[in-house]
Amino acid sequence: MSPRRQKEEFTSYYGRPILKEPTWEALDIAGYIFAGGLAGASSLLAAGAQHSGRPGLERSAKLTALTAISASVVALVHDLGRPDRFLNMLRVAKPTSPMSVGSWILSVYGPLAGATAASNVLGLLPRAGRLAGLGAAVAGTGVATYTAVLIGDTAVPTWHDAHDVLPFVFAGSAAASAGGVAAALSPVAEAGPARRMAVGGAALETAMSLIMERRDHLSTETLHTGKAGRLLRLSKACTVGGAVGLALGGGRSRAVSVLGGLTLAAGSALLRFGVFEAGRASTRDPKYVVVPQRERLGKQAEVQGNGGRQPLEKARAEAQSAGQGKGTGVSAASMV
């Protein structure tokens, strides 16, 4: 961080924040994001299980998906206040709006997840149930990741600065939680794909989280400090520990599968709550809005002062001009 960033203090009119802090309750929105990711990735796992002859894994994944998406919708409706507000969002379809697209994905995914789970448990219309399972798997990929696009499209500094990385973080987290829960609930002999999904998802989540936290954005401070920092550190410990446990002992021990799988799911939930709290923290301090704006304006002024060219381009042009005037033949390449 530059000395200027450390020394200056930024205030706003009357001491009020520049951005309004999100009024959402953490349990509603972070819980909705986590449960949706768990549901979507579980449907993807269930589709693989139903076509590879693993009935125990298939049933546990489908029931997990149905339970998780039900919890996700309940949390969303609780945040909205009334169920009809969700229905009102379906009155239009706007491809450029993450909220509109997400509402339609949920409305398609939920019935498919319910139908395939009911067919599996009751034994009714098995062919239609398997087709619904495939549809749920396709829609589930969107359910697992669209929330990252949704919050990244806001003006909240931490979320907006991570908009291009956050979908990968959430995708890995969803896979880790779905694989972990399935490994905990399914027979050990059938849970091999669940363990592999869990470990692979944990690796992706951890790698992309580190990239997100180490980028050159001032708002990344919020990912390391305060409540968000504590939650994210605990999330990493749970994710890495659960993945190592499943990888080393999940195929031999039922107890290790249960413990490792649930630890992974806990790490995934902590990640969502940590990211949520980091976003809220970034709206409280004006510097996360003011400093990046000043830096962008400074770069624009520098470019304009160079005749619309970057400093290196200006130096090359001046060298060429001087070389032509004196007959020395100085090349632009010599300035690199």
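No experiment lies behind these values; they were computed from the predicted model shown.

Visitor: Even after reading the chapter, I still don't get the overall build of the protein chain, so can you show me in this structure?
Guide: On a plain count of helices and strands, the protein chain comes out with 13 helices and zero strands. Listed by position from the N terminus, the elements making up the protein chain come as α-α-α-α-α-α-α-α-α-α-α-α-α. Across the 336 residues that make up the protein chain, the buried fraction comes to 47%. A fraction of 72% describes how many contacts in the protein chain between residues 6 or more apart in sequence connect residues 24 or more apart.

Visitor: Just to check I follow, could you spell out the confidence of the model for the protein chain for this structure?
Guide: If pLDDT is low for a region, its predicted coordinates should not be looked at in detail. Here the protein chain averages 85 in pLDDT, while 85% of its residues score no lower than 70. In the model of the protein chain, helix α13 (residues 311–326) stands out as the element of lowest mean pLDDT, 48, in contrast to helix α8 (residues 166–185), which has the highest, 96. Under a pLDDT of 50 for its full length, residues 1–7 has, in the predicted model, eight contacts with residues more than four places off or in other chains.

Visitor: Explanation requested: helix α10 (residues 226–249) in the structure shown.
Guide: For the α-helix, the turn length of 3.6 residues means that residues three or four positions removed from each other point alike. With 24 residues, α10 ought to run about 34 Å at 1.5 Å a step, and its terminal C-alpha atoms sit 35 Å apart, in line with that. Among the residues of α10, Ala228, Gly229, Leu231, Leu232, Ser235, Cys238, Thr239, Gly242, Ala243, Leu246 and Gly249 are the ones counted as buried. The inward-facing, buried residues of α10 abut α8, α9 (192–213) and α11 (254–284).

Visitor: Mind showing me how you'd approach the pattern of salt bridges here?
Guide: Charged atoms that come close allow side chains of opposite charge to pair. Under the defined criterion, the tally for this structure stands at seven salt bridges. Between Lys62 and Glu58 there is a salt bridge, with its nearest N and O atoms 2.8 Å apart. One end of the pair, Lys62, and the other, Glu58, are both in helix α3 (residues 55–80), four residues apart, so they sit about a helical turn from each other. Neither residue differs from the other here; Lys62 and Glu58 are each classed as buried. Where Arg280 meets Glu277, a salt bridge forms, and the shortest distance between an N and an O atom there is 3.8 Å. Highlighted residues: Arg280 and Glu277, both in helix α11, separated by three residues, approximately one helical turn.

Visitor: Looking at this structure, I do not really get the nonpolar core. What am I missing?
Guide: The nonpolar side chains of soluble globular proteins are, as a tendency, buried together. Ranked by internal contacts, the top residues of the largest apolar core, which has 63 residues, are Tyr32, Leu106, Tyr109, Leu166, Val169, Met212 and Val275. When residues of this core are traced back to their parent elements, those giving at least two are α2 (26–50), α3, α5 (98–122), α6 (126–152), α8, α9, α10 and α11. A per-element tally of this core places α2 first, with eleven residues. The residues touching Tyr32, leaving out its near neighbours within four places in the chain, are Leu27, Ser72, Ala75, Leu76, Leu106, Tyr146, Thr147 and Leu150.

Visitor: Looking at this structure, I do not really get the packing of α5 against α6. What am I missing?
Guide: Describing two packed helices takes the angle between their axes plus the distance from one axis to the other. At a minimum axis distance of 7 Å, the contact between α5 and α6 shows a crossing angle of 150°. As far as their axial angle goes, α6 and α5 are roughly antiparallel. For the pair α5 and α6, the crossing hand works out as left-handed. The residue makeup of the contact of α5 with α6, split by class, is 16 nonpolar, eight polar and no charged.

Visitor: I would appreciate a short explanation of the environment of Ser119 in the present structure.
Guide: By the secondary structure assignment, Ser119 is in helix α5. You can call Ser119 buried: its relative accessible area is 11%. Sequence-wise, Ser119 and Arg130 are eleven residues apart; in three dimensions their C-alpha atoms are separated by 8.2 Å. When neighbours within four sequence positions are excluded, Ser119 is seen to be in contact with Leu124, Leu125, Pro126 and Gly129.

Visitor: Looking at this structure, I do not really get the side chain of Ser72. What am I missing?
Guide: In this fold, Ser72 is placed in helix α3. Ser72 has contacts with Tyr32, Ala35 and Gly36, leaving out every residue within four places of it along the chain.

Parameters and conventions
- Residues numbered from 1 in each chain as written.
- Predicted model: local features only at pLDDT ≥ 70, side-chain atom pairs only at ≥ 80, totals over all residues.
- Heavy atoms only, no water.
- Helix = DSSP H or I, 4+ residues; strand = E, 2+ residues; numbered from the N terminus.
- Buried < 20%, exposed > 50% of the residue type's maximum accessible area, 1.4 Å probe, protein only.
- Contact = heavy atoms within 4.5 Å.
- pLDDT = per-residue confidence, 0-100.
- Expected span 1.5 Å × (residues − 1).
- Salt bridge = Lys/Arg side-chain N within 4 Å of Asp/Glu carboxyl O.
- Core = buried A, V, L, I, M, F, W, Y, C linked by side-chain atoms within 4.5 Å.
- Axes fitted to C-alpha atoms, helices over the stretch in contact; angles between N-to-C directions.
- Parallel < 35°, antiparallel > 145°, perpendicular 65-115°, else oblique.
- Left-handed = near helix turned anticlockwise from the far one by under 90°.
- Nonpolar A, V, L, I, M, F, W, Y, C, P; charged D, E, K, R; others polar.

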